[in-house]
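What follows is each chain in one-letter form.
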Amino acid sequence: QVQLVESGGGAVQAGGSLRLSCVASGNTYSSYCMGWFRRAPGKERERVAAIEAGAVWKYYAGSVQGRFTISQDNAKNTVYLQMNSLKSEDTAMYYCAADRGCSNLWTGAAPYWGQGTQVTVSS
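For clarity, every value in this text was computed on a predicted model and none was experimentally measured. (Residues numbered from 1 in each chain as written. Predicted model: local features only at pLDDT ≥ 70, side-chain atom pairs only at ≥ 80, totals over all residues. Heavy atoms only, no water.)

Engineer: Looking at this model, I keep getting lost on the overall build of the protein chain. Mind explaining?
Structural biologist: Per the secondary structure count, the protein chain includes one helix and eleven strands. The N-to-C order of helical and strand elements in the protein chain reads β-β-β-β-β-β-β-β-β-α-β-β. Relative to a compact globule of 123 residues, whose C-alpha radius of gyration would be 14 Å, the protein chain shows 13 Å and is just as compact. Its C-alpha atoms put the protein chain at 40 × 30 × 25 Å along the principal axes. Out of the 123 residues in the protein chain, the part that is buried amounts to 42%. Sequence-distant contacts in the protein chain: of pairs separated by 6 or more residues, those separated by 24 or more amount to 56%. A distance of 2 Å separates the average location of the 11 positive side-chain charges in the protein chain from that of its 8 negative side-chain charges. (Helix = DSSP H or I, 4+ residues; strand = E, 2+ residues; numbered from the N terminus. Rg over C-alpha atoms; globule rule 2.2 N^0.38 Å. Buried < 20%, exposed > 50% of the residue type's maximum accessible area, 1.4 Å probe, protein only. Contact = heavy atoms within 4.5 Å. Lys, Arg positive; Asp, Glu negative; His and termini not counted. Charge placed at Lys NZ, Arg CZ, Asp CG, Glu CD.)

Set out below in structure tokens:
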């Protein structure tokens with residue numbers, strides 16, 4: 001019912017930056033919570049960041065706090081993840097997710113997911 005498409009991934013050196021985008025379409029609502037997750041090779045899916053409707057509340061995993069920034073452009077139905085000071089441990093497939101609320105989304109149980117965009121950080 002809701003389609004999510006990520007873009008913006010790529011390969012960068014440690015210390016570099018990338019901005020990921022996630023465009024929502026279909027039966028989407030501006031009140032949805034949007035978030036980013038990632039999965040590195042051989043590891044479990046990890047929470048990265050989430051933003052509540054209206055952008056009043058933002059949530060970040062401790063490993064990315066201070067380096068990543070989540071934001072949204074409601075006019076474009078798009079959520080962004082600005083990633084600065086990238087480290088090799090940030091290498092992963094990044095997925096966009098959407099849910100009615102951030103509590104459920106943060107558990108990884110969001111009903112809507114994108115296809116993923118690869119981020120590779122080298123040194």
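So that's the structure; there's more coming.
Engineer: Where do I start with unusual backbone geometry in this structure?
Structural biologist: Note: most peptide bonds trans; most residues except glycine with negative phi. Phi at Asn 77 is positive, roughly 50 degrees, even though this residue is not glycine. Inspection of the secondary structure puts Asn 77 in the loop between strand 7 (68-73) and strand 8 (78-83). Owing to a relative accessible area of 39%, Asn 77 belongs among the partly exposed residues under this scheme. Positive phi is not limited to glycine here, since Ser 85 has a value of about 50 degrees. Within the fold, Ser 85 resides in the loop between strand 8 and strand 9 (92-99). Look at Ser 85 and you get partly exposed, because its relative accessible area is 43%.

Engineer: Looking at this model, I keep getting lost on the state of the cysteines. Mind explaining?
Structural biologist: Across all of its chains, the model carries two disulfides by this definition. Residue pairing for Cys 22: its cysteine sulfur links by disulfide to Cys 96, the two sulfurs lying 2.1 Å apart. Across the S-S bond linking Cys 22 and Cys 96, the dihedral sits near -80 degrees, which makes this disulfide left-handed. Of this pair, Cys 22 sits in strand 3 (residues 18-26) while Cys 96 is found in strand 9, placing the two residues 74 residues apart along the sequence. Taken as a pair, Cys 22 and Cys 96 share a single burial class, namely buried. Each sulfur of the disulfide joining Cys 33 and Cys 102 lies 1.9 Å from the other. The chirality of the disulfide connecting Cys 33 with Cys 102 is right-handed, given an S-S dihedral of about 95 degrees. Taken together, the positions of Cys 33 in strand 4 (residues 33-39) and Cys 102 in helix 1 (residues 102-106) put the pair 69 residues apart, joining distant regions of the chain. (Disulfide = S-S within 2.5 Å.)

Engineer: Sorry if this is basic, but what is going on with the packing of aromatic side chains here?
Structural biologist: Pairs of aromatic rings are described using the distance from one ring centre to the other and the angle between the two planes. With the rule as written, the count across this model stands at three aromatic pairs. Residues Tyr 59 and Trp 106 carry aromatic rings whose centres are separated by 6.3 Å and whose planes lie at 45 degrees to one another, so their mutual orientation is tilted. Separated by 47 residues along the polypeptide, Tyr 59 in strand 6 (residues 58-60) and Trp 106 in helix 1 bring together distant segments of the chain. If you follow Arg 45 out to its NZ or CZ, it ends over the ring of Phe 37, 5.8 Å from the centre. (Phe/Tyr/Trp six-rings, centres within 6.5 Å; stacked < 30°, edge-to-face > 60°. Lys NZ or Arg CZ within 6 Å of the ring centre and 35° of its normal.)

Engineer: Any chance you could explain the sheet that holds strand 3 here in plain terms?
Structural biologist: Strand pairing in a sheet is mediated by backbone hydrogen bonds. Such pairs are either parallel or antiparallel. With respect to topology, four strands assemble into an open sheet ordered 1-3-8-7, the strand pairing being antiparallel. With partners counted over all chains shown, the strands left at the sheet margins are strand 1 (2-7) and strand 7, one partner each. Geometrically, the sheet is characterised by an average inter-axis angle of 20 degrees between neighbouring strands, direction not taken into account. Pairing geometry for strand 3 and strand 8, over six bridges, is antiparallel. Across the sheet, residue Val 23 finds its bridge partner in strand 8, namely Thr 78. (Pairing = 2+ DSSP bridges. Axes fitted to C-alpha atoms, helices over the stretch in contact; angles between N-to-C directions.)

Bear in mind that shape data such as this cannot, by itself, settle questions of function.
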